[in-house]
Amino acid sequence: MIKQYLKNLSLFWKVSFLIVVSFMLFPYMSSESLIPAYSLFLIAITFILAFLYYRLSSWRSLVIVMKLWLIGLVFYALFSLVFILNDWNISPTIQITETKNQVLYLLIYPVRVLAVFFTGLSFIEVISPVEFLKYGRLGYHLCYLLRSFQVSKEQMIQNKRAMEMMGVIPDTFTKAGDYKQFIRKSPLIIALTIRNLMIWLFWSSHIFEKFKNKQKESSKK
Amino acid sequence: MKEISFNYTIKNEILLNQIQLSLPEGSCLLINGIEDKAFTILGAILGKILPCMDLPDIDSLKLLYRDYNGALTFIKHNYPDEVSYIGCDPDRHLLFSEVWEELSAQLKLPLSKSAFQDILGQFSLPVSFLDRKIDSLSGGEKMKVALSLAFAFPHEVIILHGVVPWLDKEGRNDLLKAINQAKADKKIVVILEQEFHCLESVIDESYLLKDKHLSHTDRSQLFNHPFSQTMLDLVSRLNECVQQKKKEQMILEIDQFSFSYGSHRIYKNLSLKLFENTIYYLNGDNGTGKSTLANILFKMEKTEPRKIRLFDRFIEDYTRLEINRFIAYVGQFPENQMIWNTMGECRQLIQSHQLDFCKVLFDTFFTQSDAYPLVYLNFAELKFLLTIMLLTKETRLLILDEPTWSLDLPGIEKWLGIISTILENMNISLLIISHAHSIMPLINAVNLKIKDCRIISQ
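So, how was this worked out
Residues numbered from 1 in each chain as written. Chains lettered and ligands numbered in written order. Predicted model: local features only at pLDDT ≥ 70, side-chain atom pairs only at ≥ 80, totals over all residues. Heavy atoms only, no water. Pairing = 2+ DSSP bridges. Helix = DSSP H or I, 4+ residues; strand = E, 2+ residues; numbered from the N terminus. Axes fitted to C-alpha atoms, helices over the stretch in contact; angles between N-to-C directions. Contact = heavy atoms within 4.5 Å. Polar contact = N/O pair within 3.5 Å; in protein donor to acceptor, adjacent residues only side chain to side chain. Phe/Tyr/Trp six-rings, centres within 6.5 Å; stacked < 30°, edge-to-face > 60°. Buried < 20%, exposed > 50% of the residue type's maximum accessible area, 1.4 Å probe, protein only.

Peer 1: For this particular structure, what's the right way to read the sheet that holds strand E17 (residues 429–433) of chain B?
Peer 2: By definition, the strands of a sheet pair up through backbone hydrogen bonds, in either a parallel or an antiparallel sense. Residues and elements named next belong to chain B. Spatial strand order, E15-E16-E17-E12-E18-E19: six strands in an open sheet with mixed pairing. A single partner strand is all that each edge strand has here, and the edge strands are strand E15 (327–330) and strand E19 (454–457). For this sheet the average axis-to-axis angle between neighbouring strands, irrespective of direction, equals 20°. Strand direction decides the pairing type here: strand E16 (residues 397–401) and E17, joined by five bridges, are parallel. Among the inter-strand pairings, Leu397 is bridged to a residue of E17, identified as Ser429. Across the face of the sheet, helix H9 (residues 290–297) comes into contact with strand E12 (279–284), E15, E16, E17, strand E18 (446–451) and E19 while running at roughly 125° to E12. On top of the sheet, helix H14 (residues 379–390) reaches E15 and E16; it is set at about 165° to E15, its chief contact.

Peer 1: I'm lost on the environment of Lys2(B) in this one. Help?
Peer 2: Residues and elements named next belong to chain B. By secondary structure assignment, the location of Lys2 is in strand E1 (residues 2–10). It is 27 Å that separates the C-alpha atoms of Lys2 and Met143, two residues lying 141 residues apart in sequence. Filtering out sequence-adjacent residues up to four positions away, Lys2 remains in contact with Leu21, Ser22, Leu23, Asn78, Pro80, Glu156 and Ile188. Looking at Lys2, its side chain comes within polar contact range of the side chain of Glu156, at 3.2 Å.

Peer 1: So what exactly am I meant to see when it comes to the pairing of E18(B) here?
Peer 2: It is a general feature of regular strands that their side chains alternate between the two faces of the sheet. Residues and elements named next belong to chain B. Direction of pairing for E12 relative to E18: parallel, over a ladder of five bridges. When the bridges of E18 are listed, Asn283 appears paired with Lys449. Pairing analysis gives four bridges linking E18 to E19, with the strands arranged antiparallel. In the sheet register, Leu448 faces E19, and the bridge partner there is Ser457. What sits between E18 and E19 in their antiparallel hairpin is a turn of two residues, with Asp452 showing a positive phi close to 50°.

Peer 1: Which parts of the structure should I look at to understand the packing of aromatic side chains?
Peer 2: The description of an aromatic ring pair uses the distance of the two centres, along with the angle that the planes make with each other. Tallying each qualifying case throughout the model produces 32 aromatic pairs over all chains. A ring pair is formed by Tyr53(A) and Phe118(A), whose centres lie 5.9 Å apart and whose planes are at 35°; its orientation type is tilted. Here Phe118(A) lies in helix H5 (residues 99–126) and Tyr53(A) lies in helix H3 (residues 35–56), a separation of 65 residues in the sequence. Considered together, Tyr53(A) and Phe118(A) belong to a single accessibility category, that of buried residues. Pairing Phe202(A) with Trp203(A) gives two aromatic rings, centres 5.4 Å apart and planes at 90°, and the pair type is edge-to-face. Residue Phe202(A) is classed as buried on the basis of its relative accessible area of 6%. Residue classification places Trp203(A) among the buried positions, given a relative accessible area of 6%. Cluster of aromatic residues (ring-pair linked, three or more members): Tyr140(A), Tyr144(A), Trp200(A), Phe208(A), Phe211(A) and Phe96(B).

This is the structure we're talking about:
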């Protein structure tokens with residue numbers, strides 16, 4: 001129901017939603033004293049976005065996103081450790097002096113990334129490439145970009161399924177080794193997706209170009 | 001009459017030499033040949049897709065697409081500027097998210113259901129299909145949508161490359177009707193195809209692409225002698241091998257199994273028994289759940305417990321890794337399973353393969369250098385490679401999903417050679433999942449047809 005409602009909204013409202021959320025996720029902070037309050041706000045908004053994505057997609061998709069995010073979190077933890085140990089400044093706008101705020105800032109960063117995932121994926125769920133066509137040259141490019149994104153998402157799911165069927169990645173997570181194997185093989189899923197997407201991109205770009213030219217011709221007439 | 005005559009060269013090396021095609025109005029032409037790069041490029045040139053002018057400025061991509069960036073020199077050109085073209089992957093032709101968007105955007109149609117109904121109805125797709133997401137369609141259904149579009153365009157020429165293997169019996173009949181209608185409308189249909197036997201009634205002229213040349217062939221020769229002597233010899237070798245072996249042990253038993261995707265019922269009280277050393281041929285229409293069966297065996301779907309037994313245990317008692325030891329699955333889209341990148345990686349792995357005959361098969365069929373990227377392999381080669389790579393000493397069931405898809409005659413010979421060798425060297429059963437291929441009736445296989453949510457053994 002909610003999906004259909006959002007789908008029927010005009011592109012203007014959908015993009016506006018995207019812009020508003022992006023401002024909420026990446027606000028300008030003038031002082032480090034704002035970090036604790038903002039952290040609470042961010043967690044609340046991430047829950048809302050997660051719920052929205054669940055309603056627009058499925059529980060299964062939500063779990064997949066969470067799993068991918070958790071893998072990223074492992075790598076992120078390693079990077080952030082380097083920042084903390086070297087006492088590097090982590091914010092582009094404020095100088096964080098207190099360690100408590102520094103740790104909090106580093107902790108909310110992956111939450112922000114998760115919120116970005118949910119926002120982007122929810123946007124993809126309610127939008128169609130066809131909506132961009134009326135915006136000329138830029139619209140065509142956006143349309144193709146969006147379709148490429150949809151195909152890459154589908155491709156990634158298929159690669160993951162194929163790898164699960166082959167036993168390359170585990171089907172259940174009962175022991176630490178299963179997580180380790182999944183993390184180790186995750187870059188392979190991405191690499192295969194990119195490799196297979198390259199083939200699709202080449203051919204579809206030509207088909208799309210043909211479509212674009214045809215549209216131009218018919219609008220001239 | 002349309003005419004086209006051209007050369008296509010890649011870095012001064014001729015790939016297509018003096019290709020000459022005369023296209024009479026209201027005719028259907030068949031082009032057959034080895035399913036290689038030249039064949040693909042010929043289809044794409046006729047489809048006005050190739051050559052591409054600019055390649056991305058990335059070395060690896062330039063290398064990957066180098067053959068598509070050649071020089072096209074016309075000798076004679078009386079060919080329309082716009083043609084409909086459908087290649088062997090329907091996904092490349094579908095540019096939007098949902099079926100109605102595809103039709104309305106590509107055809108610039110007003111949103112009237114009756115207009116959509118006429119277009120989809122040509123390929124027996126119900127009007128409810130309009131709301132379906134492209135991602136949720138099966139390969140065959142995507143191809144039907146792409147074909148509906150191709151025939152709906154007002155273009156004089158329609159080029160179809162490798163579309164038949166995607167279609168079920170009904171789809172093939174619909175294609176014949178669509179071609180006949182196009183011919184009646186004075187359109188020209190050019191079909192580049194390996195599985196052309198079902199098209200006999202609509203083909204007016206046939207050509208063969210061989211050694212860079214396109215030559216006229218005798219139509220009757222092509223349709224009356226579809227199999228080479230080597231193929232027939234290989235089929236009898238295969239049949240003999242299956243006949244000689246004992247078939248006592250049961251590998252798989254499915255008992256009164258039901259399965260649905262939401263409200264869409266796939267199986268109802270389905271029962272099936274598979275024994276060792278037997279070839280099974282699982283067929284049925286698009287969307288009847290042929291490939292789903294493989295997904296279920298690998299526990300990719302949630303199903304009722306205690307209904308499927310692999311040897312003496314139920315499948316839920318196996319881990320997926322254990323199932324992989326006993327069942328090897330070569331899917332419809334081999335690129336998804338190809339977790340290696342170069343021939344060298346595969347060669348290294350094959351050295352430690354448990355089965356010596358697999359090493360021999362690999363050395364016989366894959367002589368490329370170690371640096372050779374696997375993306376350069378064609379569909380058939382990818383499937384052959386996967387088959388060899390996935391077998392283990394304990395494999396008892398080899399599932400081949402659409403193995404003959406886009407295989408040319410030498411490809412079929414290779415495939416028959418590979419499966420004969422496997423059956424000779426192992427106690428293994430084959431489950432071939434396929435729509436229909438003219439070679440299948442010759443193979444001594446147990447015919448399993450999925451109809452009305454059940455499997456009928458014939």
